[in-house]
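Architecture and fold: a report
Listed here are the chains, written in short residue letters.
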Amino acid sequence: YMGIQKKNRRNYMEKKDEKFPKDFFGELRVRKDIGGLELADPDKLGTQNTVFQTLREKIKYAKVHISQLSMPINVLEEKSSMERLVNLWSYAPHYFTPIDLKNRVDLMKKVVSVVFGGLHCAIPGSPPFLPRLGETLRQDISGDSPKEEARVYMEHTSIHPPITHFYIKGPNYKMSGYYEYQVIVSKERIDVCLKGPTRIYISDKFETVEVAVCLPIMRIQGLGTDRRLYYLADTREVTYKEKCEEKNEGLRAIITFNPGKKKAMLGKRKPGSTYDEIEGILYKFGEIGLNVDDPAFPDFKDMKKIAGKFSGSWLKELKFTDEKGTSTLWNVEGNRPGMIINPVQSLPSFFGNREDLVEIKKKNPVEAQSKKKDLDRKEIAMLATLQYPEKIPNPSFFSTHFLYQ
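Keep in mind the model is a prediction, meaning the values are calculated, not measured. (Residues numbered from 1 in each chain as written. Predicted model: local features only at pLDDT ≥ 70, side-chain atom pairs only at ≥ 80, totals over all residues. Heavy atoms only, no water.)

1. Some words on the overall build of the chain
Threshold: Starting at the N terminus, helices and strands are each numbered in turn, a helix being any DSSP run of H or I of at least four residues and a strand any DSSP run of E of at least two. What makes two residues a contact is simply this: any of their non-hydrogen atoms within 4.5 Å. Accessible areas in this description were obtained via Shrake-Rupley with a 1.4 Å probe; residue shielding takes into account the shown protein chains only.
Counting secondary structure elements, the chain contains 9 helices and 17 strands. Within the chain, residue pairs in contact and separated by at least 24 positions form 60% of the contacts whose partners lie at least 6 positions apart. For the chain, the accessible area works out to roughly 21100 Å², and carbon and sulfur atoms hold 53% of it.

Here is the structure:
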């Protein structure tokens, strides 16, 4: 494993000055007319439309969550959702090492840059495989040097609802939290939300700063049509709060995705706006704000002072404007994410050791579908048994994770 790690790092260092290839989009491509991403493969689009129509009918009449339904192999991405979560934080080594904690505004700008840089890396064109209960992942995210590498630990801790806990350890920072996959299906779209805050702890020799991050909703629009649009929606915040218990003060960034939708009149979007646009504000907050009666910011009652404003696109670049002028915090062409080094596969709980994923790597889709159905059947039986623990025939058969769940 260490030999593969050194080889991958060497290849990365040789190519880090090249123009960033947008290979994270995979099956998706950018729509230049209205922004956002769309699925480029017409065959896969037709297959997914058929499957989604069937699942929507099951959800409508059986009243079950979409995560409880088993999807066929041919519409799933050959990756686990845990791998997509690693891509989400692939910019952390470049922005967090090194970092100056004395300048809190600069700290918040870098945290927002890490979040925005990883968003376009984590959107799949096809649904990924959901992990089984107790499956784990251990990977590394490379930086410009071996000292900047971050180590990632993940474990799937709940089936319904599906929840994945994670812990990321860098040289001077730690990130931890969990994500609960919430899927809302309507007539023409699907909303995918990763519920659960991410806590980022950044340290130096003197102090540790904590920042809370919430992720936006991924919206898939145009189900059943020939053109499907992928974009981010809703308003999210990134908050840093002073540790002093006597003062409720700190910095807060409020980011709005797809702001043209909110400014629409009579069902039409704002002229010239695209689905990948963002706008936001960074301000200092306190118990008693100074702009309580300001009509320009009616929702920010705790605002004390505006530090700057965010603008740009999560597919192109992120800009920040303050008293000093406008600066570019992140650019998809100029800022290269850290490379995801091959995972440790020796652990028995590694998700890649699953029978269905093993068959997919061998290019045996029929056998993979059969293995997946068997695993789904066993999982349902375990859940049914765990609802009545007194009926478990042999408790030692179940792992600690299942008994705890």
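There's more to say after this.
2. Focus: unusual backbone geometry
The condition is simple: Each residue is placed in one exposure class: buried if its accessible area under a 1.4 Å probe, protein chains only, is under 20% of its type's maximum, exposed if it is over 50%, and partly exposed if it falls in between.
Backbone geometry places Asp 234, a non-glycine residue, at a positive phi of 85°. Here Asp 234 lies in strand β11 (residues 229–241). According to the relative accessible area criterion, Asp 234 is partly exposed, its value standing at 34%.

3. Comments concerning the environment of Thr 239
You can see Thr 239 is positioned in strand β11. By relative accessible area, which is 13% here, Thr 239 ends up buried. As for Thr 239 and Leu 282, which are separated by 43 residues in sequence, their C-alpha atoms are 9.6 Å apart. When sequence neighbours within four positions are dropped, the list of residues in contact with Thr 239 reads Met 108, Glu 210, Val 211, Ala 212, Leu 251, Arg 252 and Phe 285.

4. Here we look at empty space enclosed by the protein
Defined as follows: Here a cavity denotes grid points, spaced 1 Å and computed from the protein atoms alone, that fit a 1.4 Å probe unable to get out, and a pocket denotes an open set having protein on both sides within 12 Å along at least 5 of 7 lines; residues with an atom within 4 Å of a point are the lining. Grid points are joined across faces, edges and corners, and a volume is the space filled by probe spheres set on the points. Any residue outside Ala, Val, Leu, Ile, Met, Phe, Trp, Tyr, Cys, Pro, Asp, Glu, Lys and Arg is labelled polar, Gly included; the first ten of those are nonpolar and the last four are charged.
Applying the stated criterion across every chain, the model contains 2 cavities of 30 Å³ or more. Roughly 60 Å³ of internal volume is contained in the largest cavity. Those elements that provide at least two residues to the lining of the largest cavity are α5 (104–119), β11 and β12 (250–257). For the lining of the largest cavity, the class distribution of residues is 7 nonpolar, no polar and 2 charged.

5. Notes on the layout of surface pockets
Each pocket or cavity is described by its volume, and for the largest pocket that value is around 1100 Å³. Lining the largest pocket are 50 residues, and of these Pro 127, Pro 128, Leu 130, Tyr 181 and Val 183 lie nearest its centre. Secondary structure elements with two or more residues in the lining of the largest pocket: α2 (42–62), α3 (81–88), β6 (173–185), β7 (189–195), β10 (217–221), β11 and α8 (365–386). Per-element tally for the lining of the largest pocket: the top contributor is α8, with 7 residues.

6. So, the pattern of salt bridges
Stated precisely, the cut-off is as follows: Within this document, salt bridges are pairs made up of a side-chain nitrogen of Lys or Arg and a carboxyl oxygen of Asp or Glu, the two lying within 4 Å of each other.
Across all of its chains, the model carries 20 salt bridges by this definition. Measuring nitrogen to oxygen at the nearest pair gives 2.5 Å for the salt bridge that ties Arg 84 to Glu 77. Comparing Arg 84 with Glu 77, the two get one shared label, buried. The salt bridge partner of Asp 191 is Arg 219, with a shortest N-O separation of 2.8 Å. Of this pair, Asp 191 sits in strand β7 while Arg 219 is found in strand β10, placing the two residues 28 residues apart along the sequence.

7. Thoughts on the pairing of β7
Note on strand geometry: in a regular strand, side chains alternate between the two faces of the sheet. For clarity, the cut-off: A pair of strands counts as paired when DSSP detects no fewer than two bridges linking them.
Burial within β7 is extensive, with 5 of its 7 residues counted as buried. Sheet topology note: the β6/β7 ladder contains 6 bridges and is antiparallel. By the bridge assignment, Val 185 is partnered in β7 with Ile 190. As consecutive antiparallel partners, β6 and β7 are separated by 3 residues. Where β7 and β10 come together, 4 bridges link them in antiparallel fashion. Across the sheet, Ile 190 pairs through a bridge with Ile 220, a residue of β10.

8. Quick look at the packing of aromatic side chains
Just so we agree on the cut-off: Aromatic contacts are taken between Phe, Tyr and Trp rings whose centres are within 6.5 Å, Trp giving its six-membered ring; a plane angle under 30 degrees counts as stacked, one over 60 as edge-to-face, and the others as tilted. Whether a charge lies above a ring is judged from NZ of Lys or CZ of Arg, which has to be within 6 Å of the ring centre and within 35 degrees of the ring normal.
Tallied over the entire structure, the rule returns 9 aromatic pairs. On the basis of an interplanar angle of 15° and a centroid distance of 5.5 Å, the ring pair of Phe 116 and Phe 257 is categorised as stacked. Pair noted here: Phe 116 is in helix α5 and Phe 257 is in strand β12, with a separation of 141 residues, a long-range link. For the pair formed by Phe 116 and Phe 257, the shared burial category is buried. Considering the side-chain rings of Phe 166 and Tyr 179, the 5.1 Å spacing of their centres and the 20° angle between planes classify their relative orientation as stacked. Highlighted residues: Phe 166 in strand β5 (residues 163–169) and Tyr 179 in strand β6, separated in sequence by 13 residues. Ring pairs connect the aromatic residues Tyr 91, Tyr 95 and Trp 330, which therefore count as one cluster. Taking NZ or CZ as reference, Arg 252 lies 4.1 Å from the ring centre of Phe 285, over its face.

9. Brief notes about α5
Operational definition: The span one expects for a helix is its residue count, reduced by one, times 1.5 Å. Pairing of N or O atoms within 3.5 Å defines a polar contact, subject to two protein rules: one partner must be a possible hydrogen donor and the other a possible acceptor, and residues neighboring in sequence count only if both atoms are side-chain atoms.
Its 16 residues give α5 an end-to-end C-alpha distance of 23 Å, which sits within 8% of 22 Å, the value for a rise of 1.5 Å per residue. Most of α5 sits out of view: 13 of its 16 residues are buried. You can read the cap of α5 off the contacts: a side-chain oxygen lies 3.3 Å from the backbone nitrogen of Val 105, and it is on Asn 103.

10. A word on the nonpolar core
The condition that has to hold: Take the buried Ala, Val, Leu, Ile, Met, Phe, Trp, Tyr and Cys residues and link them wherever side-chain atoms come within 4.5 Å; each set so joined is a nonpolar core.
Trp 89, Phe 96, Val 111, Phe 116, Ile 202, Phe 310 and Trp 314 are the most contacted members of the largest nonpolar core, which totals 84 residues. For this core, the leading source of residues is α5, giving 8 residues. Apart from the residues lying within four places of it in its own chain, the contact partners of Trp 89 are Val 114, Val 115, Ile 141, Ile 168, Met 175, Tyr 179, Thr 198 and Val 213. Membership of the second largest hydrophobic core comes to 5 residues, among which are Ile 254, Ile 281, Tyr 283 and Met 303.

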